[in-house]
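Here are the chains, one letter per residue:
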Amino acid sequence: MTLISCPECTHNISSAAVFCPSCGYPLKITPKKRRKLPNGTGSIKHLSGRRSREWAAYPHVTRFSPNGSPILGPAIGYFKTYEEAYQALILYNAAAQIPKASNAFASSNTSTSLAPQYQDITFSELYELYYYNKFQNSKKKFSRASKYSSNAAFKNCKVLHNRRFLELRKVDLQEVVDTCPLKHASLELIITLFKGMYTYALQNDITEKDYSKYVSINIADDDECGVPFSQTALETLWKHRHHKDVGMILLMIYTGFRISAFQTIHYNRAEEYFQGGVKTASAKNRIVPLHPAIRGFAAEFFDSFLSENGMRFQPYKCRKEFYAVLDALNLTNSDNGTKHTPHDCRHTFSWLCDKYKVDELSKHLLMGHSLGSDVERSVYGHRTLDELRAEIAKIEVPICR
């Protein structure tokens, strides 16, 4: 056992530690226990010797010897991991299901063009197939956060877990969203899950109709609420611009990007602009020229987070640092008494655009706002990079005065 340095706080700790005892930084991910197969599903065995596919999946035992010992049938396949064998058994059992003739609903409402082996599949069983296809049987790599979000959304649909998927209608899906007590962001994840599952079901002839496209969120987007930083608060931030992590706050304030956008944002060093965005079609991939006063922060940010193995920016960690900086500078609360959040930086950018007379179309393009039914602006409204740069330059910063 040796001592290693914590990558978060640099304290010396044991190499066997699961997390840093000083700062709580996770060092090792405790492996999850293997999921137990449902009764009657079959079995999975680990084969001895050196094999490329060391896990064998066997169907449910139906034959027994005279002394009562189970007689194992031929394996349905051999797999590299236990999880692959697990998913193969789920698929095997789903395909083996035959709709009951007495099920009047199935006989009268299920099209013959659908795959018959899936007509009794439950919401949970379909999720297993969808999850495996998206996260484990795909060459595309997904973050742990994406997998966690999918599983969290699934757990919030508990009322549907044992329901037959083909029986579900828009009202069933809408009720899940309407009765969920969580915030707008969690409801967005539920709808994303519905859309993903229905897309998978359509692609595999499990259903003929996508009810997810009719589901909506009927509460205000609480993520969009916020209060701009005051002029006095901005002056304090610029006064302490050399303080660790203040630069990141100023980057968010003078670009209008959401904190999550910085995970994938593109930085053009030659032209000095950011390109990216999240949430809406209008916000994604937009270009925002960098105000001259924050270009140094942009270079510092990307030199820090692109130095090893690509982007390592973590929004949850940045949020933690955001609150710590505001607390240290006595800027935790706004003039209205509400606690400042990272999204207040975006509200501050909008306020600055208004204060320094950035033209309205440029402001909408810079913030990624939808132009809605305004055909003239949405179709014919354009701004060049130089024109956007000129509008951004209108915004004054305290150190330039």
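In what follows, the accompanying structure is described. (Residues numbered from 1 in each chain as written. Predicted model: local features only at pLDDT ≥ 70, side-chain atom pairs only at ≥ 80, totals over all residues. Heavy atoms only, no water.)

Bringing the environment of Lys-355 into the picture now. With respect to the helices and strands, Lys-355 occurs in helix α11 (residues 343–355). The class for Lys-355 is partly exposed, based on a relative accessible area of 33%. When the C-alpha positions of Lys-355 and Ile-395 are compared, they lie 8.1 Å apart, and in sequence the two are 40 residues distant. (Helix = DSSP H or I, 4+ residues; strand = E, 2+ residues; numbered from the N terminus. Buried < 20%, exposed > 50% of the residue type's maximum accessible area, 1.4 Å probe, protein only.)

This part is about the pattern of salt bridges. Evaluation of the coordinates by the stated rule reveals nine salt bridges. In this structure, the salt-bridge partner of Asp-172 is Arg-163, at a minimum N-O distance of 3.6 Å. The exposure class of Asp-172 is buried, given its relative accessible area of 15%. Of the residues examined, Arg-163 reaches a relative accessible area of 28% and is grouped as partly exposed. The closest approach of N and O atoms between Glu-391 and Lys-394, which form a salt bridge, is 2.9 Å. The buried category is assigned to Glu-391, whose relative accessible area is 12%. What makes Lys-394 partly exposed here is its relative accessible area of 34%. (Salt bridge = Lys/Arg side-chain N within 4 Å of Asp/Glu carboxyl O.)

The next thing to look at is the packing of aromatic side chains. One pass over the full model with this rule turns up 20 aromatic pairs. A centroid spacing of 4.8 Å and a plane angle of 45° characterise the contact between Phe-165 and Tyr-198, whose relative ring orientation is tilted. Separated by 33 residues along the polypeptide, Phe-165 in the loop between α4 (144–155) and α5 (170–179) and Tyr-198 in helix α6 (residues 184–203) bring together distant segments of the chain. What makes Phe-165 buried here is its relative accessible area of 1%. A relative accessible area of 2% means that Tyr-198 is categorised as buried. (Phe/Tyr/Trp six-rings, centres within 6.5 Å; stacked < 30°, edge-to-face > 60°.)

Turning our attention to the sheet that holds strand β7 (residues 77–79). Hydrogen bonding along the main chain pairs the strands of a sheet, whether they run parallel or antiparallel. Spatial strand order, β3-β4-β7: three strands in an open sheet with antiparallel pairing. Every other strand in the sheet has two partners, leaving β3 (43–46) and β7 as the edge strands with one partner each. Averaged over all neighbouring strand pairs, the angle between strand axes comes to 30°, with direction disregarded. Bridging between β3 and strand β4 (residues 55–58) involves four bridges; their strand directions are antiparallel. Following the sheet pairing, Lys-45 is matched in β4 by Ala-56. (Pairing = 2+ DSSP bridges. Axes fitted to C-alpha atoms, helices over the stretch in contact; angles between N-to-C directions.)

The first and last C-alpha atoms of helix α10 (residues 315–328) sit 20 Å apart over 14 residues, in line with the 20 Å expected at 1.5 Å per residue. Its buried side turned inward, α10 meets α8 (246–253) and α11. Asn-330 sits one or two residues past α10 and shows a positive phi near 60°. (Expected span 1.5 Å × (residues − 1). Contact = heavy atoms within 4.5 Å.)

What follows is about α11. Because each turn of an α-helix spans 3.6 residues, side chains separated by three or four positions end up pointing in the same direction. Taking 1.5 Å per residue, 13 residues should reach 18 Å; α11 reaches 19 Å between its end C-alpha atoms and fits that length. Within the sequence span of α11, burial applies to His-343, Asp-344, Cys-345, Arg-346, Thr-348, Phe-349, Ser-350, Leu-352 and Cys-353. Each element contacted by the buried residues of α11 is listed here: α7 (231–239), α8, β10 (286–289), α10, α12 (360–367) and α14 (385–392). Residue Lys-357 follows α11 closely and has a positive phi angle near 60°.

Now for the sheet that holds strand β9 (residues 273–276). Read across the sheet, three strands follow the order β8-β9-β10 without closing on themselves; strand pairing throughout is antiparallel. Edge positions in the sheet fall to β8 (266–268) and β10, since each of these pairs with one other strand and no more. On average, each strand axis in the sheet is inclined to that of its neighbour by 25°, with strand direction left out of account. One ladder, built from three bridges, connects β8 with β9; its direction is antiparallel.

Moving on, we get to the packing of α11 against α12. For any two helices packed against each other, the geometry comes down to the angle between their axes and how far apart the axes lie. At a minimum axis distance of 10 Å, the contact between α11 and α12 shows a crossing angle of 165°. Of the possible angle classes, the one that applies to α11 and α12 is roughly antiparallel. For the pair α11 and α12, the sense of crossing is right-handed. For the pair α11 and α12, the contacting residues are Arg-346, Phe-349, Ser-350, Cys-353 and Asp-354 in the first and Lys-363, Leu-366 and Met-367 in the second. Looking at the contact of α11 with α12, its residues break down into four nonpolar, one polar and three charged. (Parallel < 35°, antiparallel > 145°, perpendicular 65-115°, else oblique. Left-handed = near helix turned anticlockwise from the far one by under 90°. Nonpolar A, V, L, I, M, F, W, Y, C, P; charged D, E, K, R; others polar.)

In contact at an axis separation of 7 Å, α8 and α11 are set at 50° when each is read in the N-to-C sense. Judged by the inter-axis angle, α8 sits oblique to α11. On α11, the residues touching Ile-249, Met-252 and Ile-253 of α8 are Cys-345, Thr-348, Phe-349 and Leu-352. Considering only residue class, the contact of α8 with α11 consists of six nonpolar, one polar and no charged.

Right, let's get into the pairing of β9. Across a regular strand the side chains alternate sides, sitting on one face of the sheet and then on the other. Of the two faces of β9, the one holding Tyr-273 and Gln-275 and the one holding Phe-274 and Gly-276 are both buried throughout. Count of turn residues in the β8/β9 antiparallel hairpin: four residues, of which Glu-272 carries a positive phi of about 55°. Bridge count between β9 and β10: four bridges; the pairing is antiparallel. Looking at the pairing, Tyr-273 lines up with Pro-289 of β10.

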